[in-house]
4 protein chains.
Amino acid sequence: MIIIMRPGATKDQIKQVEEKIISLGFKAHPIFGEIKTVIGAIGEKRLLDTPAITNMPGVEDIVPIMKPYKLACRELQQTKTIIQLDDITIGGPEIVIIAGPCAVESEQVFYATAHKVKKAGAKILRGGAFKPRTSPYSFQGLEEEGLKMLEIARQETGLKIVTEVIDTRDVELVAKYADILQIGARNMQNFRLLREAGTSGKPVLLKRGLAATIEEWLMAAEYIISTGNSKIILCERGIRTFETATRNTIDISAIPVVKELSHLPIIVDPSHATGTWKYVDALSKAAVAAGADGLIIEVHNDPSHALCDGPQSLRPEKFTQLVEELKAVASAIHRRI
Amino acid sequence: MIIIMRPGATKDQIKQVEEKIISLGFKAHPIFGEIKTVIGAIGEKRLLDTPAITNMPGVEDIVPIMKPYKLACRELQQTKTIIQLDDITIGGPEIVIIAGPCAVESEQVFYATAHKVKKAGAKILRGGAFKPRTSPYSFQGLEEEGLKMLEIARQETGLKIVTEVIDTRDVELVAKYADILQIGARNMQNFRLLREAGTSGKPVLLKRGLAATIEEWLMAAEYIISTGNSKIILCERGIRTFETATRNTIDISAIPVVKELSHLPIIVDPSHATGTWKYVDALSKAAVAAGADGLIIEVHNDPSHALCDGPQSLRPEKFTQLVEELKAVASAIHRRI
Amino acid sequence: MIIIMRPGATKDQIKQVEEKIISLGFKAHPIFGEIKTVIGAIGEKRLLDTPAITNMPGVEDIVPIMKPYKLACRELQQTKTIIQLDDITIGGPEIVIIAGPCAVESEQVFYATAHKVKKAGAKILRGGAFKPRTSPYSFQGLEEEGLKMLEIARQETGLKIVTEVIDTRDVELVAKYADILQIGARNMQNFRLLREAGTSGKPVLLKRGLAATIEEWLMAAEYIISTGNSKIILCERGIRTFETATRNTIDISAIPVVKELSHLPIIVDPSHATGTWKYVDALSKAAVAAGADGLIIEVHNDPSHALCDGPQSLRPEKFTQLVEELKAVASAIHRRI
Amino acid sequence: MIIIMRPGATKDQIKQVEEKIISLGFKAHPIFGEIKTVIGAIGEKRLLDTPAITNMPGVEDIVPIMKPYKLACRELQQTKTIIQLDDITIGGPEIVIIAGPCAVESEQVFYATAHKVKKAGAKILRGGAFKPRTSPYSFQGLEEEGLKMLEIARQETGLKIVTEVIDTRDVELVAKYADILQIGARNMQNFRLLREAGTSGKPVLLKRGLAATIEEWLMAAEYIISTGNSKIILCERGIRTFETATRNTIDISAIPVVKELSHLPIIVDPSHATGTWKYVDALSKAAVAAGADGLIIEVHNDPSHALCDGPQSLRPEKFTQLVEELKAVASAIHRRI
């Protein structure tokens, strides 16, 4: 950590900061410039107690030189984390396809969709039983009844199941049915939920918050890893910007950035990012080409009758064709689907 | 709700949309333009089931004409909601000052700060016992021990207490100690927490999320009101933008916009919005001048030793002087502190 | 255009709006809903003079139903615009690679870079002679001397030349040397410059502004087309968001959105979007997979000594390898480089 | 400037960076930490040639410790810049009111508005003769004919004149008529225009770009000051964010931030920031309370017939009342209007 002193900071102020740094267990290393003095704080500790210093007289700014996350960081673990679910590998050379409707609604439609995405090449089935909806008047999910339908779909198709949990009180229940727990974008900084999900021991699919920097996202992952559970799948799903042509703006650069900073696998949700099925094709290909470890795509047997997010769902036929085309893109970058 | 058809939509497609609208219980009212046809859907229902229509052939766009929130809306209730806490009135001509440290830490410092903000003119004491922190390695709050210190501070000073709740499982506990429950920015769309807080019957201070539009914020308020509890205090605390000179960008326009759209009182948190005590003075005055019904300001007896958000805390002396200056601004717009 | 009246708008107010619409040459078509009345304005004119109506008593909102750009719009021209520069085709099945240094600096380095990008497969050479720099103290370009070096590089390599123009007074000069005029992001709404560039008759590479919506970008293109010059290449180069891990956030969704709305070709600048050469590889592949008609990539023979934007430049060897890999991605989506 | 080396940077890499720093005329001052080494570059020069270092092996990041602007900086000039226009003082204790229509349109309406804003207390008249419009089909201004009307209004009322210049070729012409040249938000980084405006010797009203950080805005001011003209009035007019309730989001914090960083006066444009006359009242008061040195407000005698931005214009009666109320707010913070 480096402390930048204001121009005109007195010798006494500099000395007080040095003494403070030493009292916190660091070595102080000042550099006297022409206009400003900077003081390096050297030590084993990662996080210096910054308010103690920021407010001292003469201090202009503090520059951290270490990342605030450590367990999620490449510096700690050079090799990529690979998550194994029986014969499915997430984070390896294979690109995993997760598909299904936004919400589990009616049995008939759900099972039909499940069979079709399985046939098209998906390995994991998505479907929400607990839905975080912007409006209290919208369909909020079938809850445990929906979880049971997910269970049946797993037995019928052999697909693994990912489903969202939105309340600390439901983690145990959802973990009983799901192979992967999903933390939604709105709950990315619901720290209690992160801890509970981590403690469940299940793999966690962690969506990026709409206003979350990549650093904050990795800090959210750090909450989960700090429970001893490093089976985390990061999911880019678009950030909020001024552009209104798409629901959110997918941050495709997050893929190479995350791969540089962290050992955790990263997948992309093109359906929520754009909010329109028409753009899912182009974004899915872009994500694969940019190095994503997987995709989570909304597919609905009958989008016009979906109770949730119909406009962004692909029909199974379109999805089947897309997966075929994605195989060619994956092959072009020496990966496979 | 108005459905805009694509240029070149066929007569048959238009007819199908009309039939769909009618089957959903609306009257269909088409207008045939030179290039595009639009269809008005007239009825008593507020929310039309849009996916059912968006995905129909020939449909280009759907334009809602009613606000999605109804209980939080000025259209429903013309008069402002006034929240009464004994002799404190929130939402009336008086501007209420809430002050205190970010987190409850040590007894001595906390009680001393409480007495000073009371003397300066604050009516409500803030202090976090449960802290949502970006890093799992940061101080997370004293939990129930902190709540007990809030209780003592109330007895000693007569100040009312507002404190944050971050987990549905804690609502009952926090409601036992607090006069007002705070929902933080990161939990603005933690819908389960909104419902639990609403159900507690306590007034709720609802902070705006960093990436939340004003409409989404009012929808979050709608979740609370729909439990039968309309004692909601909206709190603008800055949104996330590209500017990095301040931690967030306070959206001062939100004050007149919210006052036009909703009957709920709105206050401002200049401390979290800027992240720097130096700017709290200017922003507090701006908020009062713009019509805010209150302010929530961080004050700490010893900011250099704060475990949380020290850099944005005012010392009690500075706070006392600020309140005096705010009284003049309030008076200039015919309100009082 | 649809006018939404406030709830409680009087019959008289509605009548006045209808009369106003008629006086402006439209037919008025009211729909009386339960709570609100909406009035359709039907006519041949595209842009209704909205302030005349917005400020009328009882008017709540106006909803346009036509795009504000017409010449740039797919509705007008279904087939894609293809720009032909001798044997180079932009907007067709082939994906064009533009490469070169940010700025033209020294002759030796520039010609060496030009030969190498040509050999690697680039068809067009980039290089700035007039540089819009954030700081007045940064290198501002070699101006006409730089243009002459571009001319020599063209003769030596046969590459076409694209270079930026930043002042209406320089358009004639730059057009004398360049095959394509570049309008930079900061000048996207420098409307006089757009007109001059259009009037030159040269193809124009129009970068998207950092804060420009896709609609505003297409409106900027409309300025150029309205001079009679439709040889426009749109260039996505990142928008400004809160994320700081990359210099800007590339809006990869802009590719399918623009292709749906407009007939103009669209290319991507991964170098300026990220500001870091490390991420250029992943973003270039993403852009091709998403359907971009070309790429403009910074390549510098000696990035450490670049006077401008060195950190984002690829070395020629890395660029050569990237082009090879891009060929495989292009092939996977049935296009070629 | 401080260079942060990657963890695992070799001794040799560190040595090479040190040698590079020395070859650029600085002293190198390394600090060897447990995990990372940082190197201070000490010297008189402000801007280190960063690409030369960023791309060196082993370098992770570079942290500047000096502001990139120097002439606009408080560090250079402690006292505030005061701009004197006969008896009008901008940047002193008085708050200056600029008012008038968005565009100069018809003589009758314009002169009538001018007289009314003068009577209400405005000191400077605004009115655009050259209009930068998003659409090529919108009214683009009366050009020199409009300038002549500004001249007449000045003679009739004694008000000073501020009007926008949008093309380097027009600076001389506009400077002949105007007392203050306005650079619009879209041209904030039109660096040639900044230089020409600076060279004219006239005071320059420099609007902040929609996507410009405060630092970039001050760098734009630096372009003007570096021509020897420091008569610059900064104008905050809203930045682009995700919020759509207002046209832009006014960054009210920019007032105290700019006052801390720079000696230049800062005013606020509440009309363009919100795009709606209804919110101008609250924002004007907020700006004054936050410490703005002035306001620029759109006033139109007949907003319904304005050719440009009618919806955000106040009628003269409303404006007159607002100025009266602003006097009370100014007085509350010990300033005057």
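Note that the structure is a prediction, hence the values are computed from the model and not measured.

Our focus in this paragraph is helix α8 (residues 254-261) of chain C. Counting buried residues in α8(C) gives 6 out of 8 residues, a clear majority hidden from the surface. Regarding α8(C), the residues found buried are Ala254(C), Ile255(C), Pro256(C), Val257(C), Val258(C) and Leu261(C). At its buried positions, α8(C) is contacted by α10 (280-290) of chain A together with α7 (214-225), β12 (232-236), β13 (266-268) and α10 (280-290) of chain C.

Another aspect to go through is the relation of the copies chain A and chain B. Rotating chain A by 180° and translating it 0.0 Å along the rotation axis places it on chain B, where the RMSD comes to 0.0 Å. Here the copies are linked by what is in effect a two-fold axis. Rotation axis and chain A: the residue whose C-alpha lies nearest the axis is Ala211(A), separated from it by 2.7 Å. Most of the interface of chain A is mirrored in chain B: 100% of its interface residues are interface residues there too.

Residue and element names in this part refer to chain C. As defined by bridge partners, strand β2 (residues 27-32) adjoins strand β3 (residues 37-42) across 6 bridges and the pair is classed as antiparallel. When the sheet's bridge partners are listed, His29 is paired in β3 with Gly40. Linking β2 back to β3 in an antiparallel pair, the connection comprises 4 residues.

The two copies are related by a screw operation: chain C maps onto chain A through 180° of rotation and 0.0 Å of translation along the axis, at an RMSD of 0.0 Å. Of the residues that chain C buries at the interface, 100% are likewise interface residues in chain A, meaning the two copies contact each other through the same surface.

Residue and element names in this part refer to chain A. Structurally, Thr157 can be placed in helix α4 (residues 144-157). Only 3.1 Å separates the side chain of Thr157 from the backbone nitrogen of Leu159, close enough to count as a polar contact. Setting aside residues up to four positions removed in sequence, Thr157 forms contacts with Ala114, His115 and Lys118.

Turning next to the nonpolar core. Of all hydrophobic cores here, the largest spans 167 residues; its most connected members are Leu206(A), Phe319(A), Leu206(C) and Phe319(C). Grouped together as the second largest cluster of nonpolar side chains are 166 residues, Ile225(B), Ile266(B), Ala286(B) and Met188(D) included.

Per the domain assignment, the segments of chain A are domain 1 (2-63) and domain 2 (83-332). Taking only C-alpha atoms, the centre of domain 1 of chain A and the centre of domain 2 of chain A are 45 Å apart.

With that settled, consider the interface of chain C and chain A. Counting residues at the interface gives 34 residues for chain C and 34 residues for chain A. Counting each side, the surface lost to burial between chain C and chain A is near 2700 Å², with a carbon and sulfur contribution of 71%. The largest share of the area that chain C buries against chain A comes from Phe242(C), Glu243(C) and Tyr279(C), three residues that together contribute 20% of it. At the boundary of chain C with chain A, the tally comes to 4 salt bridges. Between Glu260(C) and Lys278(A) there is a salt bridge, with the nearest N and O atoms lying 2.6 Å from each other. For the side of chain C that touches chain A, the elements supplying multiple residues, two or more each, are α8, α10 and α11 (316-332) of chain C. Element by element, the count of residues in the side of chain C that touches chain A is highest for α10(C), at 6 residues. Of the residues belonging to the side of chain C that touches chain A, the class tally is 21 nonpolar, 6 polar and 7 charged.

The rules behind each value
Residues numbered from 1 in each chain as written. Chains lettered and ligands numbered in written order. Predicted model: local features only at pLDDT ≥ 70, side-chain atom pairs only at ≥ 80, totals over all residues. Heavy atoms only, no water. Buried < 20%, exposed > 50% of the residue type's maximum accessible area, 1.4 Å probe, protein only. Helix = DSSP H or I, 4+ residues; strand = E, 2+ residues; numbered from the N terminus. Contact = heavy atoms within 4.5 Å. Least-squares fit on C-alpha atoms with pLDDT ≥ 70 in both. Pairing = 2+ DSSP bridges. Polar contact = N/O pair within 3.5 Å; in protein donor to acceptor, adjacent residues only side chain to side chain. Core = buried A, V, L, I, M, F, W, Y, C linked by side-chain atoms within 4.5 Å. Domains from an automatic or database assignment. Buried area = accessible area lost by both parts, 1.4 Å probe. Salt bridge = Lys/Arg side-chain N within 4 Å of Asp/Glu carboxyl O. Nonpolar A, V, L, I, M, F, W, Y, C, P; charged D, E, K, R; others polar.

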